[in-house]
Amino acid sequence: MLRHVTNRILGQGLRLPATPAAVGGSGLPRMYHERVVDHYNQPRNVGSFDKNDEDVGTGLVGAPACGDVMKLQIKVDDETGKIVDACFKTFGCGSAIASSSLATEWVKGRKMEEVLTIKNTEIAKHLSLPPVKLHCSMLAEDAIKAAVKDYEDKHSK
């Protein structure tokens with residue numbers, strides 16, 4: 001049942017609804033880009049690290065308007081300043097899960113200064129998110145920044 005509902009939401013096996021209002025007024029069903037579907041069906045780096053670990057930065061962000069909550073964690077090599085691992089847990093729509101999954105892939109192997117330059121517009125463009133889903137890529141950017149800040153706060157003591 002869940003797979004059936006997921007496939008309908010993601011546009012796989014979607015039947016055209018009877019009313020134009022159900023499809024955004026355009027007469028065409030809303031379809032997610034294949035990259036969103038891929039990251040949703042096979043999310044990368046799902047999990048969590050010990051938030052008390054000195055090498056781990058945790059970013060927890062949410063969007064009250066839609067109910068999406070995203071936790072993104074980074075594990076940093078103190079000597080090189082590079083992010084050696086990243087993981088996430090997200091409660092939300094397919095676009096939020098895909099944005100989180102993509103963000104963890106993009107931060108791995110990069111220095112913290114570099115990951116702070118990742119913008120939500122880059123995530124949205126890569127995933128071809130529609131305007132109504134841009135908040136998901138904004139959450140991913142905010143989660144990256146929050147994780148870096150958490151790591152830096154632990155090391156400023």
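About the cut-offs
Residues numbered from 1 in each chain as written. Predicted model: local features only at pLDDT ≥ 70, side-chain atom pairs only at ≥ 80, totals over all residues. Heavy atoms only, no water. Phe/Tyr/Trp six-rings, centres within 6.5 Å; stacked < 30°, edge-to-face > 60°. Lys NZ or Arg CZ within 6 Å of the ring centre and 35° of its normal. Salt bridge = Lys/Arg side-chain N within 4 Å of Asp/Glu carboxyl O. Pairing = 2+ DSSP bridges. Helix = DSSP H or I, 4+ residues; strand = E, 2+ residues; numbered from the N terminus. Axes fitted to C-alpha atoms, helices over the stretch in contact; angles between N-to-C directions. Contact = heavy atoms within 4.5 Å. Core = buried A, V, L, I, M, F, W, Y, C linked by side-chain atoms within 4.5 Å. Buried < 20%, exposed > 50% of the residue type's maximum accessible area, 1.4 Å probe, protein only. Expected span 1.5 Å × (residues − 1). Patch = residues over 30% accessible without salt bridge, like charges linked within 9 Å, V, L, I, M, F, W, Y side chains within 5 Å. Areas by Shrake-Rupley, 256 points an atom, 1.4 Å probe, with all protein chains shown as cover.

Novice: Sorry, what's going on with the packing of aromatic side chains here?
Specialist: Between two aromatic rings, the relevant description is the distance of the centres plus the angle of the planes. The final tally for this structure, using the stated rule, is zero aromatic pairs. Above the ring of Phe-49, the side-chain terminus of Lys-75 is found at 4.6 Å from the ring centroid.

Novice: Help me understand the pattern of salt bridges, please; the structure alone is not making it clear to me.
Specialist: Where side chains of opposite charge bring their charged atoms close, a pairing between them can arise. On inspection of all chains with the given rule, the structure shows seven salt bridges. Here Asp-38 and Arg-44 are joined by a salt bridge, their closest N and O atoms 2.6 Å apart. Linked by salt bridges that have partners in common, Asp-38, Arg-44 and Glu-105 make up one network.

Novice: Could you clarify how one ought to interpret the sheet that holds strand E2 (residues 68-76) in this entry?
Specialist: Two orientations exist for strands paired in a sheet by backbone hydrogen bonds: parallel and antiparallel. Taken together, three strands build an open sheet; the order of strands is E1-E2-E3 and the sheet is antiparallel. Looking at the sheet topology across the chains shown, the edges are occupied by strand E1 (56-63) and strand E3 (83-91). For this sheet, the mean inter-axis angle between neighbouring strands, taken without regard to orientation, is 15°. For E1 and E2, the ladder comprises eight bridges, and the chain directions are antiparallel. Pairing of Val-61 across the sheet is with Met-70, part of E2. Packed onto the sheet, helix H3 (residues 94-107) meets E2 and E3 and runs at close to 175° relative to E3.

Novice: Looking at this structure, how should I read the nonpolar core?
Specialist: Buried together is how nonpolar side chains tend to be arranged in soluble globular proteins. Within the largest apolar cluster, 29 residues are counted, with the highest numbers of intra-cluster contacts made by Ile-74 and Val-107. Those elements that provide at least two residues to this core are helix H2 (34-41), E1, E2, E3, H3, helix H4 (112-115), helix H5 (120-127) and helix H6 (134-155). Discounting chain neighbours no more than four positions away, the residues touching Ile-74 are Phe-49, Asp-55, Val-56, Gly-57, Ile-83, Asp-85, Ala-86, Val-107, Met-112, Ala-147 and Val-148.

Novice: What exactly am I supposed to notice about unusual backbone geometry here?
Specialist: A negative phi angle is the norm for most residues apart from glycine, just as the trans form is the norm for most peptide bonds. Phi at Asn-45 takes a positive value of approximately 65°, unusual for a residue other than glycine. Secondary-structure assignment places Asn-45 in the loop between H2 and E1. For Ser-128, which is not glycine, the phi dihedral falls at a positive 55°. In this fold, Ser-128 is placed in the loop between H5 and H6.

Novice: Would you mind going over the pairing of E1 with me for this structure?
Specialist: The side chains of a regular strand alternate, first on one face of the sheet and then on the other. Counting buried residues in E1 gives six out of eight residues, a clear majority hidden from the surface. Hairpin connection of E1 to E2: four residues between the antiparallel strands, including Gly-67 at a positive phi of 90°.

Novice: In this structure, what is going on with H3? I would like to understand it.
Specialist: For an α-helix, the turn length of 3.6 residues means that residues three or four places apart are oriented alike. Across its 14 residues, H3 extends 20 Å between first and last C-alpha, which sits within 8% of the 20 Å expected from 1.5 Å per residue. Among the 14 residues that make up H3, twelve are buried, leaving the element largely enclosed by the rest of the structure. Listed as buried for H3 are Gly-94, Ser-95, Ala-96, Ile-97, Ala-98, Ser-99, Ser-100, Ser-101, Leu-102, Ala-103, Thr-104 and Val-107. Here the buried face of H3 lies against H2, E2, E3, H4, H5 and H6. Gly-109 sits one or two positions beyond H3 and adopts a positive phi of about 80°.

Novice: Explain a nonpolar patch on the surface here, please?
Specialist: Together, Leu-60, Val-69 and Phe-91 make up a nonpolar patch on the protein surface, roughly 340 Å² of accessible area in all. Position of Val-69 among the secondary structure elements: in strand E2. Judged by relative accessible area, Val-69 falls into the partly exposed class, the value being 38%.

Novice: What's the story with the environment of Ile-118 in this structure? I'm lost.
Specialist: Residue placement: Ile-118 occurs in the loop between H4 and H5. Contacts of Ile-118, omitting those with residues within four sequence positions, involve Trp-106, Val-107, Arg-110, Ile-123, Glu-141 and Ile-144.

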